[in-house]
Amino acid sequence: MLNRMFKSKKSIFIYLMITLLPAIGISYVLALSDMQEQEREYRNQAYKYANQHVNDIERLIGETVSRLDMLATLTNLSADHLDHIEEILTRTHEKDIRFSGFYWGNPEGDLLVGSNGLSAPINVSDRKYFQEAMKRGRYTISPAHIGRVTGRFIITIATPVFQNENISGVLFASLRIDKIEQAIKQNINGEIISVSDDIGQTLVQTSKLPFEGNVYSETIEMSILPWTITAYVIPENESFFERALLKNLVILLVLTHIVFLILHYFLLKQRIIREKEQNERHKIVLVENLAASTAHEIRNPLTGIKGLIQLLSEKYKDEKDQLYFNIILGEVNRINTIVSEMLLLGKPTAHSLATCNINDIIQEIEPIIRSEANYSSIRVSIEYSTKELPISCVKDHMKQVFLNLVKNSLDAVNSEGEVVISIDKEGDHCLIKVVDNGGGMSAQVLRQVFNPFFTMKENGTGLGLVVCKRIIESYGGKIAINSELDRGTVVELRIPLVEER
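Engineer: Tell me about the sheet that holds strand S17 (residues 488-496), residues and numbers included.
Structural biologist: The strands making up a sheet associate through backbone hydrogen bonding, with each pair oriented either parallel or antiparallel. If you walk across this open sheet you meet the five strands as S12-S14-S15-S17-S16, and the pairing is mixed. Whereas interior strands pair on both sides, the edge strands pair on one side only; in this sheet they are strand S12 (379-383) and strand S16 (478-484). Between one strand and the next, the sheet's axes are offset by a mean angle of 10 degrees, whatever the strand orientation. Where strand S15 (residues 429-436) and S17 come together, eight bridges link them in antiparallel fashion. Bridge assignment links valine 435 to a residue of S17, and that residue is valine 490. Against the sheet, helix H11 (residues 464-474) touches S16 and S17, its axis set at about 140 degrees to S16.

Set out below in structure tokens:
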């Protein structure tokens, strides 16, 4: 089927424009959108991880400060008993390995006792965090540094201890950076966490970042420490864009091919309709040529045959002979009617046009119409227009049109039926309606009524409506038929009016 579609360059171009190019373009845009959405999800995930670890570290610092407050109360009660203070600090240290040590110092910065023991005098008065604690009278946290007692990488929290509104000493707690790193690693869910201080020094790095590929990160600053926590999320699949592009491309190719096939079907259907219309025009041309070349030749011998039959019917009075003569005359008349319609179809504009009032034309044929209706016991109503409705036409042709249409309506209704003829003005056109309440026509029949030689009558020629349409269109008018089964038929004629000078 596709091979038949692509026989021309135009078909290939249409195929490319409807299927491949839109599918590729839209797939690329959708893949980019999916990629951006995926990036937002990874960044949101990174932010969630960073925020989680910030909360964990700040909770650890908060617990440490609370513990120091309790120790400050205990050590303040034993400020004069260093041995007792050392015992309290040692027991506290043994309960939590995250601490490097606890120390008690005087307001001058000398460390007096500690949980690790002091082998030599140590003074921390030069430390900025100690100076801030003494100045502000509340706890302060040091930057990460190497401890003087243990040599470990730590941060120190200094809490002043008051007695009678005076600082009686300072309590120190050192948190091990490596233990903080271990606590972070225990809560890792595949992300990489990096902790940096305010001078850009990396304190914790859970693992190395990859040298290649996409990495999505989010950074959050801590509130109680001048640290920043950065969480890195590595995509599970680096080829997400390619996979999204391929998936969307497959789906869109299916959809665009469906659209292409529908469009191709529609174009093929239109082509069949055009070919059918062309065939119908060829039929009409054929009938025109046939009518022009043979109608007169047929009519002449028909006249002779009809005259001889009439003479024979006068000579032979036998009832059986008369039956045959009547049948022959009926068939001759039928042939003569077909030839007349063929002549009218062949050259509907052969006569010179004249300006006629449509009311007058119908009034002239009203007796014929009413005679036909009375014979079939059918009611006929004619609603003439009160306005002058001049049209340019051949009067005999218009009479033939009206008689054909009324005859069709009379044939369609039963003895209790009704036919209504109305004439009115619609803009610069004359509108004539022939309405009946007969059996109507199906949609399938309605589509074929203007085809030459199509008829639903037993003795019909299939040329009546074709002749009517040809005549009306030759005057620049239009004919339309609306019908429904068991609801009757409406025939509308619209003919341009002659401009008043």
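Continuing now.
Engineer: Account for a nonpolar patch on the surface, naming residues and giving values.
Structural biologist: On the surface, Leu246, Val250, Ile251, Val254, Leu255, Ile258 and Ile262 cluster together into a nonpolar patch covering about 640 Å² of accessible area. The exposure class assigned to isoleucine 258 is partly exposed, which follows from its relative accessible area of 44%.

Engineer: Outline the sheet that holds strand S7 (residues 192-196), supporting the account with residue identities and numerical values.
Structural biologist: If you trace the four strands from one edge of the open sheet to the other, you get S8-S7-S10-S9, paired in antiparallel fashion. Because the sheet does not close on itself, it has two edges, and the strands there are strand S8 (202-205) and strand S9 (216-221). Across the sheet, the axes of successive neighbouring strands diverge by a mean angle of 15 degrees, strand direction being ignored. Sheet analysis places S7 next to strand S10 (residues 228-233), joined by five bridges and oriented antiparallel. Across the sheet, isoleucine 192 pairs through a bridge with tyrosine 232, a residue of S10. Each of S7 and S8 is contacted by helix H5 (residues 177-186), which is oriented at about 35 degrees to S8, the strand it contacts most.

Engineer: Summarise the pairing of S8; cite the residues concerned and give the values.
Structural biologist: Bridge count between S7 and S8: three bridges; the pairing is antiparallel. By the bridge assignment, serine 196 is partnered in S8 with threonine 202.

Engineer: Pulling in residues and values, what's your account of helix H8 (residues 358-375)?
Structural biologist: Spacing of three or four residues puts side chains on the same side of an α-helix, whose turn is 3.6 residues. Under the 1.5 Å per step criterion, the end-to-end length of H8 is 26 Å for 18 residues, consistent within 8% with the ideal 26 Å. In the structure, H8 departs most strongly from a straight axis at isoleucine 365, where the bend amounts to approximately 45 degrees and where the proline proline 367 lies between one and four residues downstream. Within H8, burial applies to Ile358, Asn359, Ile361, Ile362, Ile365, Glu366, Ile369 and Ala373. Where H8 is buried, its residues contact strand S11 (354-357), S12, strand S13 (390-393), helix H9 (395-412), strand S14 (418-426) and S15. Between the side-chain oxygen of the N-cap and the backbone nitrogen of asparagine 359 there are 2.9 Å, and the N-cap of H8 in question is asparagine 357. Where H8 ends, the next residue or the one after it, serine 377, has phi of about 60 degrees, a positive value.

Scoring rules and cut-offs
- Residues numbered from 1 in each chain as written.
- Predicted model: local features only at pLDDT ≥ 70, side-chain atom pairs only at ≥ 80, totals over all residues.
- Heavy atoms only, no water.
- Pairing = 2+ DSSP bridges.
- Helix = DSSP H or I, 4+ residues; strand = E, 2+ residues; numbered from the N terminus.
- Axes fitted to C-alpha atoms, helices over the stretch in contact; angles between N-to-C directions.
- Contact = heavy atoms within 4.5 Å.
- Patch = residues over 30% accessible without salt bridge, like charges linked within 9 Å, V, L, I, M, F, W, Y side chains within 5 Å.
- Areas by Shrake-Rupley, 256 points an atom, 1.4 Å probe, with all protein chains shown as cover.
- Salt bridge = Lys/Arg side-chain N within 4 Å of Asp/Glu carboxyl O.
- Buried < 20%, exposed > 50% of the residue type's maximum accessible area, 1.4 Å probe, protein only.
- Expected span 1.5 Å × (residues − 1).
- Bend = angle between axes of the 7 residues up to and from the residue.
- Polar contact = N/O pair within 3.5 Å; in protein donor to acceptor, adjacent residues only side chain to side chain.

Taken by themselves, the reported measurements are silent on function.
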